[in-house]
Each structure stands twice: as structure tokens, then as C-alpha cells.
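# Close look at the chain arrangement
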Amino acid sequence: MANPDFAGREYPATAPYSVGREKLREFASAVGAAHPAHHDLVAARGLGYPDLVAPPTFAVVVAQRAEAHYVQDPDAGIDFSRVVHADEKFTHHRPIVAGDELVTVLHVDSVTERAGIAMVTTRCEIFTAAAGDGAREPVATVSSSLVIRGEDS
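In this report, the structure presented in the accompanying data block is examined. (Residues numbered from 1 in each chain as written. Predicted model: local features only at pLDDT ≥ 70, side-chain atom pairs only at ≥ 80, totals over all residues. Heavy atoms only, no water.)

The next thing to look at is the environment of Ser29. The residue Ser29 is located in helix 1 (residues 21–31) in this model. As for Ser29 and Pro55, which are separated by 26 residues in sequence, their C-alpha atoms are 9.9 Å apart. (Helix = DSSP H or I, 4+ residues; strand = E, 2+ residues; numbered from the N terminus.)

As C-alpha cells, then:
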């Protein structure tokens, strides 16, 4: 079962994730996001973006890299084969675009157990990688709730 001592834990920022045009196009096609700004550079720039724009749910690709550090931490006590993804919320501070270099800080906001089921809430704060002056721009926040079924569930 999930270790309740992990509630309140913050993981260090991930290595930068480079947002590529082809990744955006592939993701957009996979989720059925047909807007030209996700596929066509001229269309995206015509709308005022510097490059292709990610569909809003693309932030999960970046967030899951950070969540993997928690899920794969043996001390966290997560058996991923028993995990059910219960909820996910996105708050965008600005669009993700091709060419972004993004880092993510994972927060384990809560770990609770009831009747042999653990509920874990995580929050991934996604930022631009630090510029020369060390500044990072907030890009998105991804909040997730996981249900972890116990042995008897």
C-alpha cells in the first residue's frame, strides 16, 4: 500500500524535456486534435504563436515523467498494477509550444488510506527550464488523483 509518509514530499525538478514539433503532431493526431495550430507551422504563426501549439492535454506527457520518480520509488510502496487513474486536472499558465524546454517539480499532496484503498493526489508544476538568470516561467499545473487497490480489492 502507498506509504503515507510521502504526503508533502517534493521531488527535485526533472531534467529538461524538449518539446518537438513531431511529438506535438503525433500527440494531436492520437487524441483527435485537428486544429491547424497543432499541425501546421504557418497556421500556428498566423495565430501569433512562435511555433506549433500543444493540445491542452499534452502537459500530461511532461507530468508523467515526473510522476514516474514517485511511482517507481520503492519506498513509496506503489504497486502500479493496482493503480487506477481517478482524476486529472490541467491549469495552463500559457500554451506549450514546440521549442519549449520544460522541467517539472512533483509534489505529493496527499496520501490517504480507507478500507484497503489508498488515494494519492499529486501535483506537477511545469516550468520553462531556467534561463541564464535562473528564472523559470510557469507553464502548467497538472493535478492527478490515483486510487491504489489493496491486496483484497
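Counting buried positions along strand 5 (residues 138–149) yields nine of twelve residues, so the element is predominantly enclosed. As paired strands, strand 2 (residues 83–92) and strand 5 are joined by nine bridges and run antiparallel to one another. Paired with Asp87 across the strands is Ser145, a residue of strand 5. Where strand 4 (residues 117–128) meets strand 5, eleven bridges bridge the pair, whose relative direction is antiparallel. Counterpart to Ile126 in the pairing with strand 5 is Ala140. (Buried < 20%, exposed > 50% of the residue type's maximum accessible area, 1.4 Å probe, protein only. Pairing = 2+ DSSP bridges.)

Looking now at unusual backbone geometry. Of note in this structure, Ala115 is not a glycine but carries a positive phi near 50°. Topologically, Ala115 is positioned in the loop between strand 3 (101–114) and strand 4.

This part is about the nonpolar core. Of all hydrophobic cores here, the largest spans 39 residues; its most connected members are Ala2, Phe58, Tyr70, Ile78, Ile96, Val120 and Ile126. When contributions to this core are tallied by element, the ones reaching two or more residues are helix 1, helix 2 (41–46), helix 3 (59–71), strand 3, strand 4 and strand 5. A total of six residues in this core trace back to one element, the largest contributor, which is helix 3. Excluding residues within four positions of it along the chain, Ile126 makes contact with Ala59, Val62, Ala63, Leu102, Val103, Thr104, Glu137, Pro138, Val139, Ala140 and Val142. (Core = buried A, V, L, I, M, F, W, Y, C linked by side-chain atoms within 4.5 Å. Contact = heavy atoms within 4.5 Å.)

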